[in-house]
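Here are the chains, one letter per residue:
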Amino acid sequence: TSGTMTFQSALQEKKDKMVELILSSVKARDLMQGKILGYFVLGLVQVGVWLAFGIPAAQFFLKIPVLHYLFIPELLPMVFFALAGYLLYSAIFVAIGATMEDAQSGSSFQGMILLIPMLPLFVIGPIISNPSGVVALIGTFFPLTTPGVMLARLSVSQHIPLWEILLSGALLIATILLVMGLAGKLFKTAILMYGKNATFGE
C-alpha cells in the first residue's frame, strides 16, 4: 500500500508544475530521497499502530503467545531485511513513477511494478525445502529478492552462515543507495519531458 502511495506521489510531483519552483532551491536527488524516506517513516508508523493493537489482541484474546515467537535471536536480522526491503521497493516505485507522464499510464504499469516485491514468492518452495540450496543462495545475493528470501531462510533455518547475512545485507544497502540516487536522476530527466513517458534509453 505504501509502495503504491510513493508511486502515485512521484507521478503527481511530475504533473504538478509547482515542482519546478521547488527544484530551483532543492536538488532532484534530495527531493526524491525525502519522498522515499518520508513514505518509509509513514509506513513504519502504520505498522507500529498495527502491532500496538494486534500483539495485545493476539496475546490476550486469541491466546497466541506472540511475544514468545517474536523474541528470538533471528529477530534483529529479520527486522533489518524487512525494513531494508521496504526501503528498496519504495525507492524502485518512486524511480519508475518519475518516468511516467500521468496517472493513467502509471496505473497500467503499476501491476507490473507490484510484481517486483512478489519475486521471492515464485521460488519460496525450493527455499523452504532446502534453505541452503542453490536457489536460496541465488535469491540471497540478488538484491530484488534478498529481503523475502532472507526472511524465509531465517524463519526456517538456524544454520545460515554469518558471512551470507552480512554480504547480502551490504549488497542490499548498496542497491538501496544506488536506486535512491537513480530516482533523483530519473526525475531530473523526466521533469523536462512533456506529453510522453521517458523511454528506457532516456
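Refer to the structure above for everything that follows.
Residues numbered from 1 in each chain as written. Predicted model: local features only at pLDDT ≥ 70, side-chain atom pairs only at ≥ 80, totals over all residues. Heavy atoms only, no water.

Engineer: What is the right way to read the environment of Ile138 from this model?
Structural biologist: Mapping Ile138 onto the fold places it in helix H8 (residues 134-141). Given a relative accessible area of 55%, Ile138 falls into the exposed group. Along the chain, Ile138 and Val149 lie eleven residues apart, while their C-alpha atoms are 9.4 Å from each other. (Helix = DSSP H or I, 4+ residues; strand = E, 2+ residues; numbered from the N terminus. Buried < 20%, exposed > 50% of the residue type's maximum accessible area, 1.4 Å probe, protein only.)

Engineer: When you look at the packing of aromatic side chains in this model, what are you seeing that I'm missing?
Structural biologist: The way to describe two aromatic rings as a pair is by their centre distance and the angle between their planes. The tally for this structure, following the rule as stated, stands at three aromatic pairs. Each ring, one from Phe141 and one from Trp163, has its centre 5.9 Å from the other, and the planes form 15°; the classification is stacked. Of this pair, Phe141 sits in helix H8 while Trp163 sits in helix H10 (residues 162-190), placing them 22 residues apart in sequence. Its relative accessible area of 25% is what places Phe141 among the partly exposed residues. (Phe/Tyr/Trp six-rings, centres within 6.5 Å; stacked < 30°, edge-to-face > 60°.)

Engineer: Is there a simple way to think about the nonpolar core in this case?
Structural biologist: Of all hydrophobic cores here, the largest spans 26 residues; its most connected members are Ile36, Leu88, Leu154 and Ile176. Residue contributions to this core peak at ten residues, all from helix H5 (residues 75-97). (Core = buried A, V, L, I, M, F, W, Y, C linked by side-chain atoms within 4.5 Å.)

Engineer: Just to check I follow, could you spell out helix H3 (residues 28-61) for this structure?
Structural biologist: Because each turn of an α-helix spans 3.6 residues, side chains separated by three or four positions end up pointing in the same direction. Here H3 spans 49 Å end to end across 34 residues, near enough to the 50 Å set by a 1.5 Å rise per residue. Along H3, the residues that are buried comprise Ala28, Leu31, Met32, Lys35, Ile36, Phe40, Gly43, Ile55 and Ala58. Within two residues after H3, Lys63 carries a phi angle of roughly 60°, on the positive side. (Expected span 1.5 Å × (residues − 1).)

Engineer: Got a minute to help me understand unusual backbone geometry in this structure?
Structural biologist: Leaving glycine out, the prevailing phi sign among residues is negative, and the prevailing peptide bond configuration is trans. One non-glycine residue with positive phi stands out, namely Lys63, at about 60°. Since its relative accessible area comes to 66%, Lys63 is described here as exposed.

Engineer: Please explain the packing of helix H9 (residues 146-156) against H10 as it appears in this structure.
Structural biologist: For any two helices packed against each other, one specifies the crossing angle of their axes together with the interaxial distance. Here H9 crosses H10 at 160°, and the two axes come no closer than 11 Å. Put simply, H9 runs roughly antiparallel to H10. Between H9 and H10 lies a crossing of left-handed hand. Contacts between H9 and H10 involve Thr146, Pro147, Met150, Arg153 and Leu154 from the first element and Glu164, Ile165, Ser168 and Leu172 from the second. Taken together, the residues of the contact of H9 with H10 break down into five nonpolar, two polar and two charged. (Axes fitted to C-alpha atoms, helices over the stretch in contact; angles between N-to-C directions. Parallel < 35°, antiparallel > 145°, perpendicular 65-115°, else oblique. Left-handed = near helix turned anticlockwise from the far one by under 90°. Contact = heavy atoms within 4.5 Å. Nonpolar A, V, L, I, M, F, W, Y, C, P; charged D, E, K, R; others polar.)

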